[in-house]
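If you want the building blocks of each chain, they are given just below.
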Number of protein chains: 2
Amino acid sequence: MSLDKLTKIYTPAIESELKNAVARINGPGLGELHDMMRYHLGWIGEGAGAKARGKRIRPLIVLLTTASAGGDWERALPASAGIELVHNFSLIHDDIEDNSPLRRGRPTLWKKWGVPQAVNAGDAMFSLAHLALQPMETTSPTVNTLQAGRVLQQACLTLTQGQYLDIAYEDREDLSIEDYWPMVSGKTAALLAACTELGALVAEAAPATREAYSNFGRHLGLAFQALDDILGIWGESEHIGKSTASDLVEGKKSLPVLFALKQGGIFAKRWHQGPIELEEVPILAAQLEAEGARSYTINEASRLTDLALASLDEANPGGDAGDALTTLAKQLLRREE
Amino acid sequence: MSLDKLTKIYTPAIESELKNAVARINGPGLGELHDMMRYHLGWIGEGAGAKARGKRIRPLIVLLTTASAGGDWERALPASAGIELVHNFSLIHDDIEDNSPLRRGRPTLWKKWGVPQAVNAGDAMFSLAHLALQPMETTSPTVNTLQAGRVLQQACLTLTQGQYLDIAYEDREDLSIEDYWPMVSGKTAALLAACTELGALVAEAAPATREAYSNFGRHLGLAFQALDDILGIWGESEHIGKSTASDLVEGKKSLPVLFALKQGGIFAKRWHQGPIELEEVPILAAQLEAEGARSYTINEASRLTDLALASLDEANPGGDAGDALTTLAKQLLRREE
C-alpha cells in the first residue's frame, strides 16, 4: 500500500484519538475552553478544515514507525495524539511569543481570545498531551507506557530549551554557525525524534532498532530545518506552506545567514545596519548565494539527509508501512526519485 | 516530633530534590534559562532567600502524608518536587495573565525577562515537573510511578480549567455563588488534593485510605480559599502573606462578594457602578458584613474545615508525622487549639 493509502486509513483514526483526548475538558462552564482547543486544532470556527488542521505529519510518522517496526499501528494512536498535542500547544505559545496574528491562515488563539486565555489554553493542551498517553495502559506493558511518558516529557523540555535559544538569539549579534544546531535540535528535531522513538517503543522493538529510529527522526528534523531555511530565502514557498514573507525580512537567524555573518562580507555589513526591507530581498538573496551561503546550506541539508536515510535503513523498516515511511521521508527531504 | 522539627528535617531535602530536578536544564547556552528557574524558585538574584522561596507548603504536605500513612518520606521526594514545580510553573504564567509585576516581593519573571521568555520558562518548568517524578522509578512499583504521573497530569488539567474560569469571570456580571466552587476546585483544591493523594500513593496505602487523604486535601484547599477570601477583605493580611491591597479594590469575585451580589443590596449596587477605590474599602467591607456576607463565608469555611478534618480523621494518620499533619491543617485552617 502506498503512503497515500495508509494516510487515508490513519488520518481519521488520528482525528478521532485527538478528539477523545481533548474531550477530557468537560464540566460546568468549560465549553469555551474546549472550543479553544477545537478551534486551534482546526475542527471548528471560521476556516475550519484540512488547511486549518495542518498536515498531522508527526502523528502520521508515529503510526508509520510502529507499523514499520512490526507493531500494531492502532496501539500507537495514544502516543501519536500526545505528540500532536505537544506540537500544537507549542504553536499556541510560539504565536504569543512571536506576536503572530495568523496561524494556518486563521487568527491565532491570542488574537481571538486575548493573551491571558491563550497562555492558559496552551497549558491546558500541554496537560492533555500527557494524559493522551493513558489509553496505552490497556494495550502496552506498564513499563513501556511509563517510558513513553518520559520520552514525551523529555521532548517537551528539549523543545522549550530550543525555544529559549531562538528567542535569546533575536538580540544577539555575535552568533556563529555552532549556535545554530542546539537551537534547531530543540525546536525541530526533538519532537521528530520523539515521534520515531515512540513509534518503535509501541512496537516493542529491540533497543538498537529504537535507537536507529530515534536517530532517523532527529536527523530528519535537522535536515528538514536546513531545507526550510533554504526555501525561506530562495523560494518555492508553496511546497512547505510558509508565508510568502522572506526569512530575511523577519531577521531570522537561519543557517545561510549565520554562514554569511561568519564570512563578514557585503551581506554581513548590510545585516548589521538594521532591518531588511522587502524590496532588498532579491539582491540580498543573490548576494548571500554569491558568498556561498546557499551551497553551504544545501551541503549541510544533503549531509543530514544522508544520515537520516542511513539511520532509517539501519532501522530496517518493513512492509507497506516501511515503504511509505521511506517515501514520506524522501518527500520531506526532497529526495523523491 | 513536632511540625517544626519535621519541617526542619524535610525542608533541606525538598530544596535538594528541586535543585536536582531543575538541573535537567543544561547544555550549551542554557545557563540563563536555568537561572530563570533558580530565580523564580528563590535561590538566586536580588531578594533570594526564605521569603522568595515561599513556604513550600505543598511538598511538605506530600512528605507528611507519606509518613502519616506509614511510608518512607524520602521516597515521596520526587512527587513533592513535581507538585512544587507545577505550583511554580502556574505562578509564572498567572503573573503574565494577571499582569502582576511582583511575586513574593520581587519582580516577576516576565517583568525581568519579558513575556516571550517568561511564557517559555513556565513551559520549561512544567516539563521539569513531570520529569521530577522519574526517580520514583527506582523506589516505587512501576504501576505506582505511572499512576503518580497521571495524578499530577490530571491536577494540571484541573488547574488550567480553574484558571480558565477565573479569567473568564473577570468580564462576567451575572455570576452566582454556584460559579465559585468549580473555579476554586481547580485553582486551589486540585493541587492540594494531588499532594495528599500522591503522598498516600507513595506510601502504598489502601484505596480507601488514599481516597480519604485525597478528600482531606481537596477540602483543605476549598476551606483555605474561603478563609483567604475573608482575610482578603477583612484583614489580618500578615498571617497569609497577602498584599495589603484589598480584594475589593482588585475587583476579585470572591465568595463574600458573590454572596452579596446575589442579595442585590447596597453593596451590589455600588459594585456594578465600577471599580472600587481604596478609600471606600472600610465602609464597603462593613456594608458587606452587614449584609451577611462575612458570616456566610465564615460558615462555609467552617463547614469545609469540618469536612477536611473529618476526612483526615478517616485517613487515620499515624505517628509524629500524623500529629504534625493535623497541626499543619489546623494552622492553615485557623483551628489552633
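Residues numbered from 1 in each chain as written. Chains lettered and ligands numbered in written order. Predicted model: local features only at pLDDT ≥ 70, side-chain atom pairs only at ≥ 80, totals over all residues. Heavy atoms only, no water.

1. Examining the overall build of chain A
Item 1. For chain A, the helix and strand inventory stands at 16 helices and 2 strands.
Item 2. Taken over C-alpha atoms, the radius of gyration comes to 20 Å for chain A, in line with the 20 Å a tight globule of 337 residues would show.
Item 3. Counting only C-alpha atoms and orienting by the principal axes, one finds that chain A spans roughly 60 × 50 × 30 Å.
Item 4. Counting every position in chain A, which comprises 337 residues, the buried fraction comes to 57%.
Item 5. The long-range fraction of contacts in chain A, counting pairs at least 24 apart against all pairs at least 6 apart in sequence, stands at 71%. (Helix = DSSP H or I, 4+ residues; strand = E, 2+ residues; numbered from the N terminus. Rg over C-alpha atoms; globule rule 2.2 N^0.38 Å. Buried < 20%, exposed > 50% of the residue type's maximum accessible area, 1.4 Å probe, protein only. Contact = heavy atoms within 4.5 Å.)

2. Points about the relation of the copies chain B and chain A
Item 1. Between the two copies, chain B and chain A, the superposition gives an RMSD of 0.0 Å; the rotation angle is 180° and the shift along the axis is 0.0 Å. These values place the two chain copies in the arrangement generated by a two-fold rotation axis. Rotation axis and chain B: the residue whose C-alpha lies nearest the axis is B:Leu146, separated from it by 2.8 Å.
Item 2. Comparing interface residues between copies, 100% of those in chain B also lie at the interface in chain A; the contact surface is shared. (Least-squares fit on C-alpha atoms with pLDDT ≥ 70 in both.)

3. Quick look at helix α5 (residues 77-97) of chain A
Residues and elements named next belong to chain A.
Item 1. Compared with the 30 Å implied by 1.5 Å per residue over 21 residues, the 30 Å span of α5 between its first and last C-alpha is a close match.
Item 2. Taking burial as the measure, the 21 residues of α5 include 21 buried ones, the bulk of the element.
Item 3. Within two residues after α5, Asn99 carries a phi angle of roughly 60°, on the positive side. (Expected span 1.5 Å × (residues − 1).)

4. A closer look at the state of the cysteines
Residues and elements named next belong to chain A.
Item 1. A complete count under the given rule lists 0 disulfides over all chains for this structure.
Item 2. Here Cys195 is not cross-linked by a disulfide; its sulfur's nearest cysteine counterpart is in Cys156, at 12 Å.
Item 3. A residue is classified by how much of its surface remains accessible, and Cys195, at 0% relative accessible area, is buried. (Disulfide = S-S within 2.5 Å.)

5. Topic: helix α10 (residues 207-234) of chain A
All names here are of chain A.
Item 1. Here α10 is 28 residues long and its end C-alpha atoms lie 40 Å apart, about the 40 Å a rise of 1.5 Å per residue gives.
Item 2. Counting buried positions over the 28 residues of α10 gives 20, a clear majority of the element.
Item 3. The first or second residue beyond α10 is Gly235, which carries a positive phi of 100°.

6. A look at the interface of chain B and chain A
Item 1. Listed as interface residues are 42 residues of chain B and, on the opposing side, 42 residues of chain A.
Item 2. Summing both sides of the interface, chain B and chain A together bury roughly 3900 Å²; the carbon and sulfur share of this comes to 65%.
Item 3. In this assembly, chain B and chain A are joined by 10 residue pairs in polar contact (both at pLDDT 80 or more).
Item 4. In terms of residues, the side of chain B that touches chain A owes the most to one element, helix α8 (residues 142-169) of chain B, which gives 16 residues.
Item 5. Among the residues making up the side of chain B that touches chain A, the classes are represented as 21 nonpolar, 15 polar and 6 charged. (Buried area = accessible area lost by both parts, 1.4 Å probe. Polar contact = N/O pair within 3.5 Å; in protein donor to acceptor, adjacent residues only side chain to side chain. Nonpolar A, V, L, I, M, F, W, Y, C, P; charged D, E, K, R; others polar.)

7. Remarks on the environment of B:Arg334
Residue and element names in this part refer to chain B.
Item 1. Note that Arg334 resides in the segment after α16 (319-332).
Item 2. By relative accessible area, Arg334 is classed as partly exposed at 31%.
Item 3. Sequence separation between Arg334 and Val62 is 272 residues, and the spatial gap between their C-alpha atoms is 20 Å.

8. Notes on the packing of aromatic side chains
Item 1. On inspection of all chains with the given rule, the structure shows 13 aromatic pairs over all chains.
Item 2. Ring geometry for A:Phe89 and A:Phe126: centres 4.1 Å apart, planes at 15°, overall stacked. Separated by 37 residues along the polypeptide, A:Phe89 in helix α5 and A:Phe126 in helix α7 (residues 115-131) bring together distant segments of the chain. One exposure class covers both A:Phe89 and A:Phe126, and it is buried.
Item 3. The structure contains a cluster of three or more aromatic residues connected by ring pairs, namely A:Phe89, A:Phe126, B:Phe89 and B:Phe126.
Item 4. Over the aromatic face of A:Tyr39 sits the side chain of A:Arg106, whose NZ or CZ is 4.0 Å from the ring centroid. (Phe/Tyr/Trp six-rings, centres within 6.5 Å; stacked < 30°, edge-to-face > 60°. Lys NZ or Arg CZ within 6 Å of the ring centre and 35° of its normal.)

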